[in-house]
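# Structure assessment
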Amino acid sequence: MVRRSALASLIALCWASSLSAQTIYPIDRAEILVGAKFDFKVELPGPVDPAKLKVTVNGADYATAFGRAGSFIDREDGKDQSALILRDVTLTRPGNVVVDVSDGMGQRSVTWTVYDTGPRKAKNVILFIGDGMSPAHRVAARILSKGISEGKSRGKLAIDDMPHMALVATAGSDSIITDSANAASAYATGHKSAVNALGVYADRTASPFDDPRVETITSLARRRHGMAIGVVTNTEIEDATPAAMVVHTRRRAAYDEIVEQFFAARPDVLMGGGSANFLPKSAAGSKRRDETDYIAKFRDAGYQIATTASELSASAARQETSKLLGLFATGNMDGVLDRKFLKGGGVKKFPEQPDLTEQVQAALQLLSRNEAGFFLMVESGMIDKYAHLLDMERAVYDTIMLDNAVRQTREWARARGDDTLILVLADHNHPNSLVGTVNDDMATTPNVPLRERVGVYEQAGFPSYPAPDAEGYPARIDVSRRLAIFSASLPDHYETFRPKLDNPNEPTVKVGADGTFKANDKYKDVPGAVLRPGNLSAMIGASVHSGEDVILTATGPGSERVHGSMDNTDVFRVMADALGLAAGQ
């Protein structure tokens, strides 16, 4: 009886201890740049008497350590749960920081590492992100754009031919599998976050806009050095990766509010698709929920507005242009395969979309006018969209496009004396693998099912794509021996073993009111098509991300920090160190 009572008391004590001071933000083992702003928050699972709440930072009262007291919330969100929050604090000395919280019932501690930077090494930083770009995409892009014979590539990709390389782990704070939001947020802030979250620690409150914020590299670069800021993509500009460079919300789908935050931040260059959420609700093609015209607001704020490739070129060429908003489609822009060759997708509606190389050229032209330097993020974002849709050819062509943008940027940097740190990586992986070739050239056995024409090992041989053009693109993808790239994550779909020449692939369609998906019958009667039962829930209609490390390559001042095995939060640290963002703090 005594033993049972003692055990019950111990369990109750442990339970109370685990509940008290349930969560502290920033989280345990966070790495924080000296002088960077962040929100400090303590969430308690029940109501707490503020007189009994004790919060210390390295043994000192938190208000003394941070220079002011926070706001105590007796009943957060109207529930029996208390919280303490303090916005926009900084830490000015490097070293280990221990935060202790006790409320009279239990205690919780977290440890942070606060780090400094040396003097500034780079005038500019350019971060290239191939969204969802897997090693298979890189290898396929090399084979198509450079050619291969007797096992040797006839050239190297610019994204691979860089002096420093590392493997980067991508897990988020809530899952081993990340999405573009918290993956790009780790690059932009140096902090881990949860799926769907941008520039914040996702807390328990109902609002997606009051979560504890962490400062982005774009804010730091402008605040510390007066640098210009550019965000360039070929997806909707409100999409997760571009938004993560500037925005703070745990709901990546909040496009209207993301546009509002872009306008408040006013980056010098902002380019992509997604004009639908800039247009007032009553305008054709708008997706906004209100009548605010953000294109007009940007124009009134001094921005040149470009909606076509020719307008973009003309705007960037004007010496008086200091701010540029480029919006080239209502949704995502079209990939290079549709724009240059197939004329599918949205090309008929938006026939003069710029190539990513044109976007980057314009951004460099404008941003380099700032004597204080600039930070530029460039995303080839449709790689990810096509990988989700099992549209491997389009993903590979957009990888080649990314490589072209990197090549021209490296040439630009060399011409000015290599004062620019250039980083190239994916935000996360897709489970794609290059397993061989699909061989249709089997005249002696014409009735062999397509599945049996997937050649592996010596049967794979080499693909028969025509020689690439000057930009690295073969003119045709519907050749007799094609690369066989397959995904390990599959919805139910009809595998045709052929590229889609009309429009991007649509492997599934939504059915019923419950949001489930089924294989798209559009491909059912394609000769040789095979129904492939998926390994994903019927609630998921596309391939999904995977958790492998991604490849980071780098060149320029500060790139020597890129080596071995890194975490995605370390990418921020490489950039912050190159720019000396804590120097003189």
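Notes on the structure follow. In this text, all values refer to a predicted model and were calculated from it rather than measured experimentally. (Residues numbered from 1 in each chain as written. Predicted model: local features only at pLDDT ≥ 70, side-chain atom pairs only at ≥ 80, totals over all residues. Heavy atoms only, no water.)

## Some thoughts on the pairing of strand 19 (residues 420-425)
Regular strands have side chains that alternate between both faces of the sheet. Condition: In this scheme, a residue with accessible area under 20% of its type's maximum is buried, one over 50% is exposed, and one in between is partly exposed, where area comes from a 1.4 Å probe on protein chains only. In DSSP terms, a helix is any run of H or I states spanning at least four residues, a strand is any run of E spanning at least two, and both are numbered starting from the N terminus. Should DSSP find at least two bridges between two strands, the strands are regarded as paired.
Most of strand 19 sits inside the fold, with six of its six residues counted as buried. Of the two faces of strand 19, the one holding Thr 420, Ile 422 and Val 424 and the one holding Leu 421, Leu 423 and Leu 425 are both buried throughout. Sheet topology note: the strand 10 (residues 124-130)/strand 19 ladder contains six bridges and is parallel. Considered in strand 19, the bridge of Ile 129 is made with Leu 425.

## Brief notes about unusual backbone geometry
Geometrically, the link from Tyr 25 to Pro 26 is a cis peptide bond, its omega value of -5 degrees lying close to zero. Residue position: Pro 26 is located in the loop between strand 1 (23-25) and strand 2 (31-33). Phi angles above zero are rare outside glycine, and Asp 77 is one such case at about 60 degrees. Unusually for a residue other than glycine, Lys 343 sits at a positive phi of about 55 degrees. Position of Lys 343 relative to the elements: it lies in the loop between helix 10 (336-342) and helix 11 (356-367).

## Observations regarding the sheet that holds strand 2
In plain terms, the rule: By definition, residues are in contact when any of their heavy atoms lie within 4.5 Å. To get an axis, a line is fitted to the C-alpha atoms, and for a helix only the part in contact is used. The angle between two axes follows their N-to-C directions and goes from 0 to 180 degrees.
Here we have five strands laid out as an open sheet, ordered 2-9-8-4-5, and mixed in their pairing. Looking along the sheet, the strands with just one partner apiece sit at the ends: strand 2 and strand 5 (60-61). Sheet topology places strand 8 (residues 95-102) next to strand 9 (residues 107-115); eight bridges connect them, and they run antiparallel. Looking at strand 9, one finds that Val 101 is bridged to Arg 108. Helix-sheet contacts for helix 14 (residues 568-579) involve strand 2 and strand 9, and the interaxial angle to strand 2 is about 20 degrees.

## Focus on the pairing of strand 10
In terms of burial, strand 10 is largely enclosed, as seven of its seven residues are buried. Residues Asn 124, Ile 126, Phe 128 and Gly 130 line one face of strand 10 and the alternating positions Val 125, Leu 127 and Ile 129 line the opposite face, and both faces are buried. In the sheet, strand 10 pairs with strand 18 (residues 374-380) via six bridges, with the strands oriented parallel. From the neighbouring strand, Ile 129 faces strand 18, where its bridge partner is Glu 379.

## Focus on the pattern of salt bridges
Keep this limit in mind: Salt bridge, as applied in this entry: a Lys or Arg side-chain nitrogen positioned within 4 Å of an Asp or Glu carboxyl oxygen.
Enumeration over the complete set of coordinates arrives at 37 salt bridges. The shortest N-O distance in the salt bridge between Glu 260 and Arg 288 comes to 3.3 Å. Of the two residues, Glu 260 sits in helix 7 (residues 255-265) while Arg 288 sits in the loop between strand 15 (269-273) and helix 8 (294-300), which places them 28 residues apart along the sequence. What makes Glu 260 partly exposed here is its relative accessible area of 31%. In this structure, the salt-bridge partner of Asp 440 is Arg 453, at a minimum N-O distance of 3.9 Å. Separated by 13 residues along the polypeptide, Asp 440 in the loop between strand 20 (432-439) and strand 21 (454-455) and Arg 453 in the loop between strand 20 and strand 21 bring together distant segments of the chain. You can call Asp 440 partly exposed: its relative accessible area is 23%. Each member of the salt-bridge network shares a partner with another, and the members are Lys 41, Glu 43, Glu 76, Asp 203, Arg 204, Asp 211 and Arg 250.

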